[in-house]
Amino acid sequence: GARGFDFYSTKDRVMADTAEYGLMLWDGKSKGTINNVVNLSRDGKPVVVYVAPKKQFLTVKAFDDLRGVLAQGETESVERVVSELQLEGLEHRIA
């Protein structure tokens, strides 16, 4: 059957609950990848994010570090991700 964002976000939440840390590959657009980073960082688990368009690794050790990752994404995509994941508290701080 069809598997949408809700299916994958539930699966990813279970993985985040059992993980000690995360390694994410982000295309600068994907909502699912950022959702995984949010889940892990809110649980105080470190995440290394490879931002493919920038060919750069960034480390997220706390939820607030997410703005540095978002600043590397495509503006329109980041605005959509921030809105859809209800991360509005970060949007005014994105560089």
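Scoring rules and cut-offs
- Residues numbered from 1 in each chain as written.
- Predicted model: local features only at pLDDT ≥ 70, side-chain atom pairs only at ≥ 80, totals over all residues.
- Heavy atoms only, no water.
- Buried < 20%, exposed > 50% of the residue type's maximum accessible area, 1.4 Å probe, protein only.
- Helix = DSSP H or I, 4+ residues; strand = E, 2+ residues; numbered from the N terminus.
- Pairing = 2+ DSSP bridges.
- Right-handed = clockwise from strand over helix to strand, strands pointing away.
- Axes fitted to C-alpha atoms, helices over the stretch in contact; angles between N-to-C directions.
- Patch = residues over 30% accessible without salt bridge, like charges linked within 9 Å, V, L, I, M, F, W, Y side chains within 5 Å.
- Areas by Shrake-Rupley, 256 points an atom, 1.4 Å probe, with all protein chains shown as cover.
- Salt bridge = Lys/Arg side-chain N within 4 Å of Asp/Glu carboxyl O.
- Lys, Arg positive; Asp, Glu negative; His and termini not counted.
- Charge placed at Lys NZ, Arg CZ, Asp CG, Glu CD.

*Asks:* Would you explain the pairing of strand E2 (residues 47–51) in this entry?
*Replies:* Walk down a regular strand and you will see the side chains alternate between the two sheet faces. Of the two faces of E2, only the one carrying Val-47, Val-49 and Val-51 is buried; Val-48 and Tyr-50 on the other face are not. Pairing geometry for strand E1 (residues 22–26) and E2, over five bridges, is parallel. Residue pairing in the sheet places Leu-25 in a bridge with Tyr-50 of E2. In this fold, the crossover linking E1 to E2 by way of helix H2 (residues 31–42) has right-handed handedness. Examined bridge by bridge, E2 and strand E3 (residues 56–60) share five bridges and lie antiparallel to one another. Among the inter-strand pairings, Val-49 is bridged to a residue of E3, identified as Leu-58.

*Asks:* How should I be thinking about the sheet that holds E3 in this particular structure?
*Replies:* Sheet architecture is open: three strands sit in the order E1-E2-E3, paired in mixed fashion. Where the open sheet ends on each side, the last strands, each with one partner, are E1 and E3. Taking the axes of each pair of neighbouring strands and ignoring which way they run, one obtains an average angle of 20 degrees across the sheet.

*Asks:* How should a negative patch on the surface be read in this particular structure?
*Replies:* The grouping of Asp-27, Glu-74, Glu-76 and Glu-79 at the surface amounts to a negative patch. By secondary structure assignment, the location of Glu-76 is in helix H4 (residues 75–84). You can call Glu-76 exposed: its relative accessible area is 70%.

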